[in-house]
Amino acid sequence: MQIKKGIAMVVCLILLLASAACSGSGSGGNNVRSSGNASPIESAASENATAQSSDNGKQESAPAEEKTSPSVQMDIPSLAEAYKDYFPIGAAIEPNQSSGLTADLLKKQVNMLVAENAMKPASIQPTEGDFHWEQADEIVNFAKESGMALRFHTLVWHNQTPDWFFQDAEGKPMADETDPKKREANKKLLLKRLDTHIRTIVGRYKNDIKSWDVVNEVVEPADPDGMRNSLWYRLTGTDYIETAFRAAREAGGPDIKLYMNDYSTDDPTKRDRLYELAKGMLDKGVPIDGIGHQTHISIEGPPVDAIIASMKKFKELGLDNLITELDMSLYAWNDRSDYGAEVPEDVLERQADRYRELFDALKANKGLVSGVVFWGISDDHTWLSTFPVTRTEAPLLFDKNYQAKPAFWAVVDPSKRN
Ligand code: GLA
């Protein structure tokens, strides 16, 4: 009994000394990520926890946690710098990310921006003739101040487009009209509205933005003729595509580059339908400069070879290729599971391997793409957190605390990858 008590006392003494040593060392030696990395949510949670413990009168027993705030790593390489001999590196942003830590991270890491939502039709012209420029301008100004190039996304889409475009002069849905004469008049009205939308926007930004997504996601192999069965297509056939490119070229002049943007362009069926469409348009003199490959991929697929093969095919047609919305989900497409709070290290390593494979292939095929734009910059802000289900996602090169992930090192300097 006496011996056990003695051992217990020695153990207590050691623990006490150890805890005093730890609290005296400031930010803590074994904290791999130096101080200043807690996300705003984590900081709030820890403040809350401290408040609760003081309510219980227990706070003296635990040393007060040092207050930390997130920070951006300035002592690491820059993506844009690392790829300066190959292509610009971009990121999609919301206007409120043009200040604060995300802005610092962007300024350090990228040299091109695109608006995640602020330049879509519903944001810019929510009601007819009523153009809202504030949000788009914020991004334009931030890019200019920071010396970054800009892309425009997107002049035409079937989503995030207000209903008024598709209502006739009396406010009825154009799609319901059965009279052929009235249908023809509606088509004219719709194309006129599109023309005005495009000329107004391109006219405003043509000096600041040189790269434009003119149409987004117009091909859908499962729909009739392989063309997405959108209201645009149902009301005008492919005339809306032609009108859009011609209006953009006329308003913007020869210096701006005009793209058809789409997802799953690596899929041979979709790729070939898009190719056929682009070729048909080029043969008619429609001014298309390139293909935007969204490249929302996952750690499971598609194979990098298929991505490269698709780009080569479009290049043979004389078109430029851009990666416009790159991110890499941690889950296969049909997988609805959730890693929860902590993503396993081996999953992040697999993600890094695949990012490296992609960037190595792009470097090996220098000139095949003229830019790589991520759909976001750090894992704290990604559309994949709520799509296709709400769960933990981490598709980008920086984690939710703005710190470089294995994937960052894999594409920038693999020798530093732990
Ligand atoms: C598509 C669109 C983007 C964006 C993403 C999801 O890829 O082109 O504008 O909406 O979906 O956020």
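Residues numbered from 1 in each chain as written. Predicted model: local features only at pLDDT ≥ 70, side-chain atom pairs only at ≥ 80, totals over all residues.

1. What about the overall build of the protein chain?
Working step 1: Scanning the protein chain from terminus to terminus reveals 13 helices and nine strands.
Working step 2: Counting over 418 residues, the protein chain shows a buried share of 38%.
Working step 3: Taking contacts inside the protein chain between residues at least 6 apart in sequence as the whole, the part at least 24 apart equals 73%. (Helix = DSSP H or I, 4+ residues; strand = E, 2+ residues; numbered from the N terminus. Buried ≥ 20, exposed ≤ 12 C-beta atoms within 10 Å, placed from the backbone. Contact = placed C-beta atoms within 7 Å.)

2. Structural notes on the site of the ligand
Working step 1: Close contacts around the ligand come from His153, Asn216, Tyr263, Gln294, Glu325 and Trp383, and that covers them all.
Working step 2: Looking at the shell around the ligand residue by residue, the class counts come to two nonpolar, three polar and one charged. (Near = placed C-beta within 6 Å. Nonpolar A, V, L, I, M, F, W, Y, C, P; charged D, E, K, R; others polar.)

3. Some words on unusual backbone geometry
Trans peptide bonds make up most of the peptide bonds, and negative phi angles are found at most residues other than glycine.
Working step 1: A cis geometry characterises the amide bond from histidine 153 onward to threonine 154, with omega recorded as 0°.
Working step 2: Within the secondary structure, threonine 154 is located in the loop between strand 3 (149-152) and helix 7 (180-205).
Working step 3: Note the cis peptide between phenylalanine 387 and proline 388, where omega equals 0°.
Working step 4: Looking at the secondary structure, you find proline 388 in the loop between strand 9 (372-374) and helix 13 (406-412).

4. Details of the nonpolar core
Working step 1: If you look at the biggest cluster of nonpolar residues, it comprises 94 residues, and the most contacted ones within it are Val214, Ala244 and Ala248.
Working step 2: Once residues lying within four places of it in the same chain are set aside, the contact partners of alanine 244 are Leu155, Val156, Leu194, Ile198, Val214 and Val215. (Core = buried A, V, L, I, M, F, W, Y, C linked by C-beta atoms within 7 Å.)

5. Describing the confidence of the model for the protein chain
Working step 1: Across the protein chain, the average pLDDT comes to 87, with 83% of residues at 70 or higher.
Working step 2: Here residues 1-65 scores under 50 on pLDDT; set against residues more than four positions off or in separate chains, the count is 37 contacts. (pLDDT = per-residue confidence, 0-100.)

6. Some details on the pairing of strand 4 (residues 211-216)
If a strand is regular, its side chains alternate between the two faces of the sheet.
Working step 1: Burial of strand 4 is extensive: six of the six residues sit out of reach of the surface.
Working step 2: Pairing analysis gives two bridges linking strand 3 to strand 4, with the strands arranged parallel. Residue pairing for strand 4: phenylalanine 152 is matched across the bridge by tryptophan 212.
Working step 3: Pairing of strand 4 with strand 5 (residues 257-262), which is carried by five bridges, proceeds in the parallel orientation. When the sheet's bridge partners are listed, aspartate 213 is paired in strand 5 with tyrosine 259. (Pairing = 2+ DSSP bridges.)

7. Things to note about the environment of glycine 129
Working step 1: Along the polypeptide, glycine 129 turns up in the loop between helix 5 (121-124) and helix 6 (134-145).
Working step 2: Overall, the presence of 9 C-beta atoms within 10 Å leaves glycine 129 in the exposed class.
Working step 3: As for glycine 129 and histidine 197, which are separated by 68 residues in sequence, their C-alpha atoms are 8.5 Å apart.

8. Re the packing of helix 7 against helix 9 (residues 239-252)
Working step 1: Two elements in contact, helix 7 and helix 9, have axes whose closest approach is 9 Å; the angle formed by their N-to-C orientations is 30°. With respect to helix 9, the axis of helix 7 lies roughly parallel. Seen along the crossing, helix 7 lies across helix 9 with a hand that is right-handed. The segment helix 7 lies against helix 9, with Leu191, Leu194, Asp195, Ile198, Arg199, Val202 and Gly203 engaging Asp239, Tyr240, Thr243, Ala244, Ala247, Ala248, Ala251 and Gly252.
Working step 2: Tallied by class, the residues present in the contact of helix 7 with helix 9 amount to nine nonpolar, three polar and three charged. (Axes fitted to C-alpha atoms, helices over the stretch in contact; angles between N-to-C directions. Parallel < 35°, antiparallel > 145°, perpendicular 65-115°, else oblique. Left-handed = near helix turned anticlockwise from the far one by under 90°.)

9. Some thoughts on the pairing of strand 3
Working step 1: Alignment of strand 2 (residues 112-115) against strand 3, held across three bridges, turns out to be parallel. Bridge assignment links methionine 112 to a residue of strand 3, and that residue is alanine 149.

10. Here's the deal with helix 10 (residues 268-283)
Working step 1: Between its first and last C-alpha, helix 10 extends 22 Å over 16 residues, near the 22 Å set by a 1.5 Å rise per residue.
Working step 2: Those residues of helix 10 that fall on the buried side of the exposure criterion are Arg271, Arg273, Leu274, Leu277 and Ala278. Seen end-on, helix 10 carries its buried residues on one side only, within an arc spanning 165°. Counted as exposed and oriented over 90 degrees from the buried face of helix 10: Pro268, Thr269, Glu276 and Asp283.
Working step 3: Buried residues along helix 10 sit against strand 5, strand 6 (290-293) and helix 11 (304-316).
Working step 4: Just past helix 10, the residue glycine 285 takes up positive phi, approximately 85°. (Expected span 1.5 Å × (residues − 1). Arc of directions from axis to C-beta.)

11. A look at helix 9
Working step 1: Taking 1.5 Å of rise per residue, the 14 residues of helix 9 would be expected to cover 20 Å, and the 20 Å separating its terminal C-alpha atoms lies within 8% of that figure.
Working step 2: Listing the buried residues of helix 9 in full gives Tyr240, Ile241, Thr243, Ala244, Phe245, Ala247, Ala248, Arg249 and Gly252.
Working step 3: Lining the buried residues of helix 9 we find helix 7, strand 4, helix 8 (231-236), strand 5 and helix 10.
Working step 4: After helix 9 finishes, the residue glycine 253 shows a positive phi value of roughly 80°.

12. Things to note about the environment of leucine 322
Working step 1: Relative to the helices and strands, leucine 322 is located in strand 8 (residues 320-329).
Working step 2: Spatially, the C-alpha atoms of leucine 322 and isoleucine 291 are 6.4 Å apart, while their sequence positions differ by 31 residues.
Working step 3: Those residues in contact with leucine 322 that sit more than four places away from it in its chain are Tyr259, Gly290, Gly292, His293, Val369, Ser370 and Gly371.

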